[in-house]
Amino acid sequence: MNNKQTYLFLLLLCFLTNHSVAQNSQLRPYTIEDGLPQSQVYDIVQDDMGYLWLGTQGGGLANFDGASFTVWNESDGLLSNYILALYAQNDSLFVGSKNGLSIKAKGQISTIDGPQIHQFYRADAILYVATQKGVYRYSKAAGLEQLDINPDINNSAINNIYFDGTFFWLATYNGLWKLSDLTSTADSSKLETNNFTSLVFYGDVIFAATFDDGIRVIDVADQDNIILIREPRRINSMAIQNKNELWVATDNEGITVIDTESYEERNIINTQNGLRVPHVRKSISDANGTIWIATSGGGFYKYFQNNFKHYDRQSGLKGDRTYAVHQAKKDIWISSSEAGLTRIDSLGVHHIAQIPEFANAKIKTLASDAKGNIWAGSDGMGLLLRETKKKDSMVTMVLDSVTVQLDTLSKTVIKNHVINTDNGFPDNWIRKIIVTRDHIWAATYASGIVKYNYYPEADSLVIRKTFGKRDGISDLLLKDMVQDNQGRIWYATKNGNLGYIENDKVTNLPEVLGRSTSIGTLLFQKDKLFIGTAGQGIWYAKVSDSLAFQKVKGAKKLTSQNIYQLIFDDQGYLWAGTERGMDKLELSDAGEILDRYHFGRNDGFLAIETCANAVATDAEGNLWFGGIYGLTKYTPSENTTAIQKPEIRFTQMELDYQVAHSIVAQEWAKTGKVLQLSPDRKQLAFSYKTVDINHPNDVQYRTRLNDTEWGPWTTENRQNLVGLAYGAHQFSVQSRNYRWQESDVVHFNFFLDSPWYKKPWFQWALLAFAVILVALTALVYIKRIKARNRQEQEKLQLQNHLLTLEQKALRLQMNPHFIFNVLNGIKAMGNDQPQKMNTTINSFAVLLRETLNNSRADSINLSQEIKTLTHYIEVEKLMSPKPFTSEIIVDTTPDAEEILIPPMLIQPFVENAIRHGILKGPREGELIIRFYTEKELLTCTITDNGMGIFESQKAKTKTDHQSMALTVTQERLESISGKDALEIKELKDADNSISGTRIILRIPLQTDY
């Protein structure tokens, strides 16, 4: 190596010694501030359900579900708050303390006094207990029983027990033992005298750790072949992690990670890279492969093994809050809190000294030019240009007392320039800086966008143009500024405006989302523009003359709608920074969210709440995110970690708003038993849980009762059931994790018994009684109806008989009246018209014979009635002093021979029309009789042209015989056809003079068939 190279090496070594700081291991602490009851955690285990159980020194027992702690101590029944060992099996947790054994099962805690317990170990279905004084065995029947092995072991502190399938290995306070079994007759050998604290088997070797004399690596097949690993010392425990790593927990130097094949040290996890204390008690891996570290005095830690690396104040940054991130060449530049600039490269973290003119500036934006000069924009202190120059220097080297060598050394010279209102810049509040080929652009908080050049050699600032409201930027509250691939400068504002500057012309696009929504970040990707908003999520549009924005959405929603950062990685995923961490989005070409991966504090993204636009990609494709708790680096890669399928369990059941302690709902669900409930149970509630200690707040549940539709996914893990129908029911519940992997469905069967009055036997009995009652009622009713019908029938028969007698009586009344009238007429002819009298007597004899024949029958056919009427009219014509004409018209269906009519019903009306109408009328008499049928009636009209029936009644004198025929016939007609069967009306001419009378009779139509 020549002298120049030696000088450079020494200079670089000095620089690294003074400026490089180690990175933070991915450790997330859980302490008293998070709810842990005590910071000294001596043991940690995970049960079958997924809970972490923590045994503390003085704080008792803690249960951790990933989000919160539940604590049990002596007041809850524990023997002691000083816990040294834990063991979980099924639904039981064994707690070893300095005073003996406590067992937590089914919500109850039972205790057994005994010696101090160091470890629980199960082999051949037996639970062995390593204690301060020998080995014990536990069983439900006998409790704790000490095993009589040999006096040395019986009186020694047992730190660890292991069974390799053939032999038992005991790590005790005074040596390492190998035994054929744990009885007094066992073949045993003490391999070495020392204070052995821990045993771990890996393949064909056993790692046996001593407290202060390193680790023995023993070949099981050849016990004389022992390898000594001298470091570390003061070992508390060991565990195999990541398949081939031996994690050694010490009480003074954290954890040393040793390769199980080469026995070389791989890593050290101590106070220099994340632990708060050097005393580590134990490390375990949970079901998903996450490593948890228990410490004495620092709580416990979650160790992330993923693609994230975190930087904060503890790991070398000047402050946690990272306002700006920028990639310049191969370096990452950041601004931390108000502490100036920091540069990160492959050699570590390097602090940049502040200059007085820019001290304590809050730098919110960073940029760089082609020469590698750094531009920084601040809140209230203007701009800083950190100019980097190369300067050659002459170096004199004395090779010997005679020879002197001159050499040229290139030296980097840094010069800082502050630009603010004092030297002509429009504003000291800088939101964003963009360096283009010809100009520099600065977006200010309220003075618009400044286009300028700065020439450091001459310290010359040239303001090319300031774009403000006069130029078209209507909203000066600028939030972000970027350059597209066409060289246009785009800006976004607080009130939802977008715009761009092209050829010094502003195109302003007001409220592009249709509302005044603050747009905080802009990102161009190929032909699309993505915007992040405050409260409205992410939107995108194809870059064209008219921007039509659509919201980025899908089945999996964003963790938050407040977007502070947007960036695409080399794999095409869109990363969105929010106040809750980072969302990694897989998008379709249509902007739909196909999948979403969330990274928060539990996933190793320890920066948590991201800072606006503090994001960058380095030359290797790594992503850098600035947040309020530091800086996080992400190295993209394909995720090969298998995510465990979630498991859901019933945790509690309530009956009538009281916890049913006697019912272990999960056991009932496993066995499929049916819970029988009495009818008075008005309420039933189930609590259930899927434990995901890495993503506790992302677990969702859905439920259903019987075969109904599934309810919506929700984070609620309790379902209350009221108003249930009587009978068999099945309650089903399912969960899904943060990756939407669904658990198997679990069911709980129960039967809600019905009250006695709703039992089938009672309902059948009630139905039978009702049927019998209805039958009896119907029988009684039918008998009553029959009796009533008989009475009605008898009554109708009597009424019919009386009606028949009445009609015969009426006929008997009519016949004498008719004979009386005819005889009076014949008598009048006897003195002066003997010949006419003889003719009349003959006609009368025929008529009388027909009348006598008809009077014997209840009804005659219509044709016979018409014949009788014809003979009667002939008699009246012979006796009448005034001639008149007559006509009988028959228009019936059926024929007159088939229609039946009561005898002598029409004759009295015809007689009345002749005697009181035609004979008294001023005109030549005319009589028209018409028969016709309509519907179910036979109608007969008798029309005369006499003086009118009403005038006739006024003119005639009252005698006993005056209206007897009409009255008798009208009564007879009403008995046959009812009221309104007879209609009498006078006929009038056009001059309102009376022209005659019309009588209308309506009788029921009867036939002889």
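Please read these numbers as outputs of a predicted model, since none were measured by experiment.

Asks: Help me get a handle on the packing of helix α6 (residues 862-879) against helix α7 (residues 907-918), residues and values and all.
Replies: Two packed helices can be described by the angle between their axes and the distance between those axes. It is the contact of α6 with α7, at a shortest axis distance of 11 Å, that shows an interaxial angle of 25 degrees. As judged from the angle between their axes, α6 and α7 are roughly parallel. The handedness of the crossing between α6 and α7 is right-handed. Facing α6, whose interface residues are Glu865, Leu869, Tyr872, Ile873, Glu876 and Met879, α7 presents Gln907, Val910, Glu911, Ile914 and Arg915. Of the residues assigned to the contact of α6 with α7, the class counts are six nonpolar, one polar and four charged.

Asks: Kindly report on the sheet that holds strand β15 (residues 168-172), identifying the contributing residues and their values.
Replies: An order of β14-β15-β16-β17 is seen for the four strands of this open sheet, with the pairing classed as antiparallel. Among the strands making up the open sheet, the edge pair consists of β14 (158-163) and β17 (188-192). Averaged over all pairs of adjacent strands, the angle between strand axes in this sheet comes to 20 degrees, irrespective of strand direction.

Asks: Before we move on, can you summarise the nonpolar core with the specific residues and values?
Replies: Ranked by internal contacts, the top residues of the largest apolar core, which has 37 residues, are Ile906, Val910, Leu927, Ile942 and Leu1001. Sorting the residues of this core by element identifies α4 (760-829), α5 (834-855), α6, β68 (899-901), α7, β69 (925-934), β70 (937-944) and β72 (994-1004) as the ones contributing at least two each. With seven residues, the single largest contributor to this core is α6. Discounting residues that sit within four places of it in the chain, Ile906 has contacts with Glu865, Leu869, Ile901, Phe931, Cys940, Ile942 and Leu1001. Counting 26 residues, the second largest nonpolar core, distinct from the first, contains Met49, Ala62, Trp72 and Ile693.

Asks: Go over the UniProt feature "transmembrane region" (unreviewed entry) in the protein chain with me, naming the residues and quoting the values.
Replies: As annotated in UniProt, the feature "transmembrane region" (unreviewed entry) corresponds to residues 761-782 in the numbering used here. For residues 761-782, the end-to-end C-alpha separation is 31 Å, with 100% helix and 0% strand making up the annotated structure.

Asks: How would you summarise the packing of aromatic side chains if you had to cite specific residues and measurements?
Replies: Tallying each qualifying case throughout the model produces 49 aromatic pairs. An angle of 75 degrees between the planes, with centres 5.8 Å apart, marks the rings of Trp375 and Tyr452 as edge-to-face. One end of the pair, Trp375, is in strand β35 (residues 374-378); the other, Tyr452, is in strand β40 (residues 449-455), and 77 residues separate them in sequence. Of the residues examined, Tyr452 reaches a relative accessible area of 0% and is grouped as buried. Centre to centre, the rings of Phe686 and Phe731 are 4.6 Å apart; their planes meet at 5 degrees, and the pair counts as stacked.

Parameters at a glance
Residues numbered from 1 in each chain as written. Predicted model: local features only at pLDDT ≥ 70, side-chain atom pairs only at ≥ 80, totals over all residues. Heavy atoms only, no water. Axes fitted to C-alpha atoms, helices over the stretch in contact; angles between N-to-C directions. Helix = DSSP H or I, 4+ residues; strand = E, 2+ residues; numbered from the N terminus. Parallel < 35°, antiparallel > 145°, perpendicular 65-115°, else oblique. Left-handed = near helix turned anticlockwise from the far one by under 90°. Contact = heavy atoms within 4.5 Å. Nonpolar A, V, L, I, M, F, W, Y, C, P; charged D, E, K, R; others polar. Pairing = 2+ DSSP bridges. Core = buried A, V, L, I, M, F, W, Y, C linked by side-chain atoms within 4.5 Å. Buried < 20%, exposed > 50% of the residue type's maximum accessible area, 1.4 Å probe, protein only. UniProt positions renumbered as here; feature names shortened; annotations may be inferred. Phe/Tyr/Trp six-rings, centres within 6.5 Å; stacked < 30°, edge-to-face > 60°.

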